[in-house]
Amino acid sequence: MINYKCPQCGAYMIYNPAKKCLICEYCGKTEDIKVLSAEEQAELLQEAEASSEVWEETVTEETNGEQVMMRHYICKNCGAEIMTDENTAATMCGFCGNPTLIEDRLSGETRPAKVIPFSFSREEAIEKFRAWTKKGKLTPSVFSSSASLDKVTGLYVPYWIYDFDVDAQMQATATRVRHQRKGQYEYIYTDHFALDRGVEVGYERIPADASKKMPDDVMDRLEPFDYKEMVAFEMPYLSGFQADKYDYKGEELESRAAARASSYAETATRNTMNGYATVNVVHKNIRPKRTKMEYTMFPAWIVNYTYQGKSYFVTMNGQTGKIVGKRPTSVARAIGWFAGVYAGSFAIVLLILAAMMMG
Amino acid sequence: MKVGMKYIHARPIWLRVCMMAFCLMLMGNVWMTTAWAVESLESGSAQKVFDQASLFTESQAEALEERAAQIAEEEQYDIAIVTTNYTGSMVTYEYAESFYENNGIGYGDNKQGFLLLIDMDNRQVYIDEYNAWEENFQLSTRERDAILDVIMEYAYDGDFYGVADSFLDELPQYLNNGISGDADYQYAIEHGEPGQQEVQEPLTFPEAVKESLPLAALTALVIAGITLIILIAVQKTGAKPSSAEYQKGALRIYRRNDTFINTTVTKHKIETSSSSGGGGGGGSSHHGGGHSGGGRSF
């Protein structure tokens, strides 16, 4: 287990998104993220392993009845038991809040190549959430005030990102239509064409989330991430946050990402067939080839809230702040809007039509 | 003639000569009258009313003759009113068209004009229009239907003079006030009928409002519905990114062939199309060159 201790006062240090470094919450001391060499990394791992007290046991998960391997660690700060599931790579002690990294889930094969660090703090995340609850013309006015935050969790989600070179071949039939009037007859000329295309196009860093428990649909909608802020992975970024290692290996998710690349390439190729009245694709052969694959971690905030007695959650992109979720719809407001728009447009359209009839 | 010949035998020569001369004159008269009727003068055919079914009294026929002639003179299109008890093997519109062509009806070089046929054989009233390329003389289907609406009332009552008389009332109105144009001919196929406006008195404001109510209600419903759908959709946030996000550089099109195969052609004859209006069937005409028309049964 790895913990980052403040050299000045001994309290624990966590990653600060605004300052982009480790900060001690107690005395304010900052420490830059050090890029460790391979040897330094190995040393760190050895130390961590030696000092950890850990035992494993198999437990049946309550939520979906699956057999899960749970691991128990002893918190180095307060001695309490930290429970983690088989994928937890970073967590906090439930009792003293000590941010803890589990090194053997962040090393070797399971060490990410890159990471996008959180770009704003928990307070800002809460602010963004509050702003989100206020928006929407059909949102009940009480939603913003009565939605109570239960938990705001900063989580690094494991992703694999892929580069593809796609070769797309497409054949289609197309027509162009011309009209000509000669005397009493109208002639319609239809020119028939055979279209053939061979296109090469590359896609880079198409992400696929590697966490079983995070729904793919939600994760896809969190995109896009700004890769300009993606940096080489170092463990301190994770301090103070939850993190999970991947459930699926890169090869397992490749087909999902390849399907995306293929569909992008197909659309792009189809769009080169222009200038025709109709186009009918008769044959296509899209072949994606993976040229690069990297394991990364991307930041997300999971905001759990209660509204009118029920629990909901939204997911927020920890870098861009984009929120994926659904606001409740107030029936009263919906009716109000419908009636209002109806009345207004009825009056306007009526006047316009009457004027047209008279004119 | 045979009767006449009997008397020529028995009479003196001067009487024979007189009788033969008289016969010749009769024949000549008939021939001349026919020729005169057939000849298409600048002002259209000399005779306007051809009451073969004897539906009109003499004075009625005269009145119609005068009016038709006057309209033809003023408006520069010919009008013929024809009644018949028997169309033979022809259907109503064929009879009307062939009558028009065979009896020298038509004004000017174009021979443009209108023919109203009261067909007692097939029990149809038919309005035929010929060669009305001039802007003023085009009757749209809607206008023809409007005229039929008015004149058929008389037909249902058996008042055939009324049919002809009201026809002479209605026709000039539509031709003078209707709006027509090339648009009719260009897209007659696609749109099915030339888009001419009906002549109406301008509406007052309250009337216009009442007319517009149902359409306004429907439109407002659609607008409000669409707005609601959009507002509900906005409640769910988080849209998937577009492909442009991940594309690396530009497409490289290494093979691009657009090969011409062949051309297929379809041909449509453009005519002011005709169809029977509401209330009862009727003939429709796409026959011969330059004819168009429509009719209704009674």
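The rules behind the values
Residues numbered from 1 in each chain as written. Chains lettered and ligands numbered in written order. Predicted model: local features only at pLDDT ≥ 70, side-chain atom pairs only at ≥ 80, totals over all residues. Heavy atoms only, no water. Pairing = 2+ DSSP bridges. Helix = DSSP H or I, 4+ residues; strand = E, 2+ residues; numbered from the N terminus. Axes fitted to C-alpha atoms, helices over the stretch in contact; angles between N-to-C directions. Contact = heavy atoms within 4.5 Å. Polar contact = N/O pair within 3.5 Å; in protein donor to acceptor, adjacent residues only side chain to side chain. Nonpolar A, V, L, I, M, F, W, Y, C, P; charged D, E, K, R; others polar. Left-handed = near helix turned anticlockwise from the far one by under 90°. Salt bridge = Lys/Arg side-chain N within 4 Å of Asp/Glu carboxyl O. Buried < 20%, exposed > 50% of the residue type's maximum accessible area, 1.4 Å probe, protein only. Core = buried A, V, L, I, M, F, W, Y, C linked by side-chain atoms within 4.5 Å.

A. Molecular detail of the sheet that holds strand S3 (residues 113–119) of chain B. All names here are of chain B. The 5 strands lie next to each other as S1-S2-S3-S4-S7, forming an open sheet whose pairing is mixed. Only two strands of the sheet have a single neighbouring strand rather than two, namely strand S1 (49–51) and strand S7 (291–297). Ignoring strand direction, the axes of neighbouring strands in this sheet form an average angle of 10 degrees. One ladder, built from 3 bridges, connects S1 with strand S2 (residues 78–84); its direction is parallel. By the bridge assignment for S2, Asp51 is matched with Thr83. Across the sheet, helix H3 (residues 58–75) is in contact with S1 and S2; its angle to S2 comes to roughly 150 degrees. Helix-sheet contacts for helix H5 (residues 141–157) involve S3, strand S4 (124–130) and S7, and the interaxial angle to S7 is about 40 degrees.

B. Molecular detail of the interface of chain A and chain B. The interface is formed by 69 residues belonging to chain A together with 59 residues belonging to chain B. Counting the contacts that link chain A with chain B gives 34 residue pairs in polar contact (both at pLDDT 80 or more). Examining the composition of the side of chain A that touches chain B, we find that 23 residues originate from one element, strand S11 (residues 185–209) of chain A, more than from any other. Its residues assigned to classes, the side of chain A that touches chain B shows 35 nonpolar, 15 polar and 19 charged. Looking at chain direction, strand S16 (residues 323–326) of chain A and strand S5 (residues 236–237) of chain B are connected through 2 bridges and run antiparallel.

C. Spatial organisation of the packing of helix H6 (residues 331–358) of chain A against helix H9 (residues 205–234) of chain B. Remark: H6 of chain A packs on H9 of chain B, axes separated minimally by 6 Å, with the N-to-C direction vectors making an angle of 145 degrees. Both H6 of chain A and H9 of chain B take part in a crossing whose hand is right-handed. Looking at the contact of H6 of chain A with H9 of chain B residue by residue, the class counts come to 26 nonpolar, 5 polar and 1 charged.

D. How the structure looks around the pattern of salt bridges. Tallied over the entire structure, the rule returns 24 salt bridges over all chains. Between Asp196 of chain A and Arg255 of chain B there is a salt bridge, with the nearest N and O atoms lying 2.9 Å from each other. Remark: Arg255 of chain B occurs in strand S6 (residues 247–269) and Asp196 of chain A occurs in strand S11; the pair is interchain, linking two chains. According to the relative accessible area criterion, Asp196 of chain A is buried, its value standing at 16%.

E. A look at the nonpolar core. In this structure, Tyr156, Tyr203, Leu238 and Met297 of chain A are the most contacted members of the largest nonpolar core, which totals 75 residues. Here the element with the most residues in this core is strand S10 (residues 148–182) of chain A; it accounts for 11 residues. Membership of the second largest hydrophobic core comes to 32 residues, among which are Ala61, Ile151, Phe160 and Phe167 of chain B.

F. Molecular detail of the sheet that holds strand S1 (residues 13–16) of chain A. All names here are of chain A. Reading across from one edge, S1-S2-S3 is the order of the 3 strands in this open sheet, with antiparallel pairing throughout. Here the strands that pair on one side only, and so sit at the sheet edges, are S1 and strand S3 (30–31). Sheet topology note: the strand S2 (residues 21–24)/S3 ladder contains 2 bridges and is antiparallel. Bridged to Leu22 within S3 is Glu31.

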